[in-house]
Amino acid sequence: MSECIFCKIVDGQIPAAKLIETEKVISFLDINPVNPGHALVAPKRHVSSLLDLRQDELHVLMFVAKRVAAAVIRATGSPAFNILQNDGEAAGQIIDHVHFHVIPRDSEDGFRLGWRHLKYAEGQIEQLQQAIQQNL
Ligand code: AMP
Ligand code: ZN
(Lines give C-alpha, C1' and ligand atoms only; values in the text may rest on other atoms or scores of the structure.)
(Ligands and ions follow the chains in the order given, each with its own letter.)
Protein backbone atom coordinates (compact mmCIF):
# COMPACT_ATOMS: atom_id res chain seq x y z
CA MET A 1 0.00 0.00 0.00
CA SER A 2 1.28 3.47 -0.86
CA GLU A 3 2.49 5.61 2.04
CA CYS A 4 1.87 8.76 0.01
CA ILE A 5 -0.66 11.08 1.70
CA PHE A 6 -2.00 12.37 -1.61
CA CYS A 7 -2.45 8.82 -2.96
CA LYS A 8 -4.41 8.08 0.22
CA ILE A 9 -6.60 11.12 -0.45
CA VAL A 10 -7.13 9.92 -4.05
CA ASP A 11 -8.09 6.45 -2.72
CA GLY A 12 -10.40 7.92 -0.08
CA GLN A 13 -8.34 6.42 2.76
CA ILE A 14 -7.90 9.81 4.43
CA PRO A 15 -10.31 12.74 4.29
CA ALA A 16 -9.76 15.97 2.36
CA ALA A 17 -11.87 18.99 1.49
CA LYS A 18 -12.23 17.97 -2.15
CA LEU A 19 -13.09 20.63 -4.71
CA ILE A 20 -13.21 18.68 -7.96
CA GLU A 21 -12.26 15.26 -9.23
CA THR A 22 -11.88 14.17 -12.84
CA GLU A 23 -10.69 10.88 -14.30
CA LYS A 24 -7.02 11.88 -13.97
CA VAL A 25 -6.89 14.84 -11.58
CA ILE A 26 -8.00 15.77 -8.07
CA SER A 27 -8.15 19.13 -6.31
CA PHE A 28 -8.62 19.76 -2.60
CA LEU A 29 -7.94 22.48 -0.05
CA ASP A 30 -4.47 22.68 1.50
CA ILE A 31 -4.77 21.76 5.18
CA ASN A 32 -2.30 24.51 6.24
CA PRO A 33 -3.08 27.34 3.82
CA VAL A 34 -0.97 30.39 3.01
CA ASN A 35 -4.36 32.11 2.78
CA PRO A 36 -7.87 30.64 3.23
CA GLY A 37 -8.93 29.00 -0.02
CA HIS A 38 -5.38 27.82 -0.86
CA ALA A 39 -6.00 24.77 -3.06
CA LEU A 40 -3.88 21.92 -4.40
CA VAL A 41 -4.28 20.29 -7.79
CA ALA A 42 -2.64 16.90 -8.36
CA PRO A 43 -2.71 14.04 -10.84
CA LYS A 44 -4.33 10.91 -9.45
CA ARG A 45 -1.37 8.80 -10.57
CA HIS A 46 1.60 8.92 -8.19
CA VAL A 47 4.33 10.87 -9.94
CA SER A 48 7.02 12.79 -8.04
CA SER A 49 8.08 15.35 -10.62
CA LEU A 50 6.30 17.41 -13.22
CA LEU A 51 8.92 16.07 -15.65
CA ASP A 52 7.49 12.55 -15.27
CA LEU A 53 3.94 13.49 -16.16
CA ARG A 54 2.43 12.36 -19.42
CA GLN A 55 1.21 15.07 -21.75
CA ASP A 56 -2.45 14.11 -21.30
CA GLU A 57 -2.07 14.39 -17.49
CA LEU A 58 -0.24 17.70 -17.78
CA HIS A 59 -2.94 19.18 -20.02
CA VAL A 60 -5.78 18.30 -17.70
CA LEU A 61 -3.77 19.31 -14.61
CA MET A 62 -3.19 22.81 -15.97
CA PHE A 63 -6.77 23.06 -17.20
CA VAL A 64 -8.13 22.11 -13.75
CA ALA A 65 -5.65 24.46 -12.02
CA LYS A 66 -6.98 27.34 -14.09
CA ARG A 67 -10.57 26.38 -13.36
CA VAL A 68 -9.88 26.05 -9.63
CA ALA A 69 -8.01 29.40 -9.61
CA ALA A 70 -11.03 31.13 -11.18
CA ALA A 71 -13.37 29.54 -8.60
CA VAL A 72 -11.05 30.32 -5.66
CA ILE A 73 -10.80 34.01 -6.51
CA ARG A 74 -14.55 34.24 -7.06
CA ALA A 75 -15.29 32.46 -3.77
CA THR A 76 -12.74 34.37 -1.65
CA GLY A 77 -13.04 37.75 -3.37
CA SER A 78 -9.23 37.84 -3.70
CA PRO A 79 -7.99 40.12 -6.47
CA ALA A 80 -5.02 37.92 -7.40
CA PHE A 81 -3.48 34.47 -7.13
CA ASN A 82 -0.22 32.53 -7.47
CA ILE A 83 0.08 29.13 -9.10
CA LEU A 84 3.24 27.48 -7.76
CA GLN A 85 4.84 24.07 -7.99
CA ASN A 86 7.76 22.96 -5.82
CA ASP A 87 9.70 20.33 -7.77
CA GLY A 88 12.31 18.55 -5.65
CA GLU A 89 13.37 18.87 -2.03
CA ALA A 90 15.73 21.78 -2.75
CA ALA A 91 12.77 23.66 -4.21
CA GLY A 92 10.71 23.09 -1.06
CA GLN A 93 8.73 20.01 -2.13
CA ILE A 94 7.55 18.18 0.98
CA ILE A 95 4.93 15.84 -0.49
CA ASP A 96 6.57 13.63 -3.09
CA HIS A 97 3.48 13.59 -5.34
CA VAL A 98 3.47 16.37 -7.91
CA HIS A 99 0.93 19.15 -7.29
CA PHE A 100 0.21 22.77 -8.11
CA HIS A 101 -0.60 25.22 -5.35
CA VAL A 102 -3.34 27.71 -6.18
CA ILE A 103 -2.99 30.52 -3.65
CA PRO A 104 -5.44 33.42 -3.46
CA ARG A 105 -3.54 36.64 -2.83
CA ASP A 106 -4.15 40.08 -1.49
CA SER A 107 -1.61 42.90 -1.46
CA GLU A 108 -2.07 43.17 2.33
CA ASP A 109 -1.65 39.44 3.12
CA GLY A 110 2.00 39.73 4.21
CA PHE A 111 3.10 36.66 2.22
CA ARG A 112 6.36 37.23 0.34
CA LEU A 113 8.01 34.81 -2.06
CA GLY A 114 11.41 36.43 -1.45
CA TRP A 115 12.07 36.82 -5.17
CA ARG A 116 15.55 38.14 -5.95
CA HIS A 117 17.07 39.70 -9.04
CA LEU A 118 20.63 38.53 -9.63
CA LYS A 119 22.89 39.89 -12.39
CA TYR A 120 24.50 37.69 -15.07
CA ALA A 121 28.27 37.79 -15.47
CA GLU A 122 29.59 38.83 -18.89
CA GLY A 123 28.69 36.14 -21.48
CA GLN A 124 26.82 33.98 -18.97
CA ILE A 125 23.34 34.62 -20.34
CA GLU A 126 24.41 33.61 -23.89
CA GLN A 127 26.13 30.49 -22.56
CA LEU A 128 23.02 29.45 -20.66
CA GLN A 129 20.79 30.28 -23.60
CA GLN A 130 22.82 27.88 -25.76
CA ALA A 131 23.08 25.16 -23.11
CA ILE A 132 19.32 25.20 -22.51
CA GLN A 133 18.47 25.32 -26.22
CA GLN A 134 20.70 22.28 -26.81
CA ASN A 135 18.68 20.38 -24.22
CA LEU A 136 15.25 21.24 -25.61
P1 AMP B 1 4.87 21.06 -1.02
O2 AMP B 1 5.85 21.75 -0.09
O3 AMP B 1 4.75 21.77 -2.34
O4 AMP B 1 5.17 19.59 -1.15
O5 AMP B 1 3.46 21.26 -0.33
C6 AMP B 1 2.76 20.25 0.32
C7 AMP B 1 1.47 20.86 0.84
O8 AMP B 1 0.59 19.81 1.20
C9 AMP B 1 1.64 21.75 2.08
O10 AMP B 1 1.21 23.08 1.79
C11 AMP B 1 0.77 21.07 3.14
O12 AMP B 1 0.09 21.99 3.94
C13 AMP B 1 -0.19 20.25 2.29
N14 AMP B 1 -0.73 19.06 2.94
C15 AMP B 1 -0.05 18.11 3.62
N16 AMP B 1 -0.89 17.15 4.04
C17 AMP B 1 -2.12 17.49 3.61
C18 AMP B 1 -3.41 16.90 3.74
N19 AMP B 1 -3.60 15.76 4.39
N20 AMP B 1 -4.46 17.54 3.17
C21 AMP B 1 -4.28 18.69 2.52
N22 AMP B 1 -3.10 19.30 2.36
C23 AMP B 1 -2.03 18.71 2.91
ZN1 ZN C 1 1.15 9.69 -4.30
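Reading guide: rules and limits
Residues numbered from 1 in each chain as written. Chains lettered and ligands numbered in written order. Predicted model: local features only at pLDDT ≥ 70, side-chain atom pairs only at ≥ 80, totals over all residues. Heavy atoms only, no water. Core = buried A, V, L, I, M, F, W, Y, C linked by side-chain atoms within 4.5 Å. Buried < 20%, exposed > 50% of the residue type's maximum accessible area, 1.4 Å probe, protein only. Helix = DSSP H or I, 4+ residues; strand = E, 2+ residues; numbered from the N terminus. Contact = heavy atoms within 4.5 Å. Polar contact = N/O pair within 3.5 Å; in protein donor to acceptor, adjacent residues only side chain to side chain. Pairing = 2+ DSSP bridges. Axes fitted to C-alpha atoms, helices over the stretch in contact; angles between N-to-C directions. Salt bridge = Lys/Arg side-chain N within 4 Å of Asp/Glu carboxyl O.

Now for the nonpolar core. Core analysis: the largest hydrophobic core is formed by 14 residues, its most contacted members being V41, L61, V68 and V102. For this core, the element with the most residues is helix α2 (residues 55–76), which contributes six residues. Setting aside anything within four residues of it in sequence, one finds V41 in contact with V25, I26, S27, L61, V64, A65, V68, V98, H99, F100 and V102. Counting nine residues, the second largest nonpolar core, distinct from the first, contains C7, V10, L40 and A42.

What follows is about the side chain of R105. Summarising the element assignment, R105 is placed in strand β5 (residues 100–105). Within the structure, the side chain of R105 is placed 2.7 Å from the side chain of N82, a separation counted as a polar contact. Polar side-chain contacts of R105 include one of 2.8 Å to the backbone oxygen of F111. The contacts of R105, once residues within four sequence positions are left out, are N35, S78, P79, A80, F81, N82, F111 and R112.

Bringing the sheet that holds strand β2 (residues 25–29) into the picture now. Ordered by their spatial adjacency, five strands build an open sheet running β1-β2-β3-β5-β4, and the pairing between neighbours is antiparallel. Edge strands, defined here as strands with exactly one partner in the open sheet, are β1 (18–21) and β4 (80–84). Neighbour to neighbour, the strand axes of the sheet diverge by 15 degrees on average, direction disregarded. Taken together, the three bridges between strand β3 (residues 39–43) and β5 define a ladder with antiparallel strand orientation. Pairing of L40 across the sheet is with H101, part of β5.

Under the counting rule described, the total for this entry stands at eight salt bridges. For K18, the salt bridge is made with E21, and the minimal N-O distance between the two is 3.5 Å. Judged by relative accessible area, E21 falls into the partly exposed class, the value being 40%. For the salt bridge of E57 with R54, the shortest nitrogen-to-oxygen distance reads 3.7 Å. A residue is classified by how much of its surface remains accessible, and R54, at 40% relative accessible area, is partly exposed. Each member of the salt-bridge network shares a partner with another, and the members are K24, R45, R54, D56 and E57.

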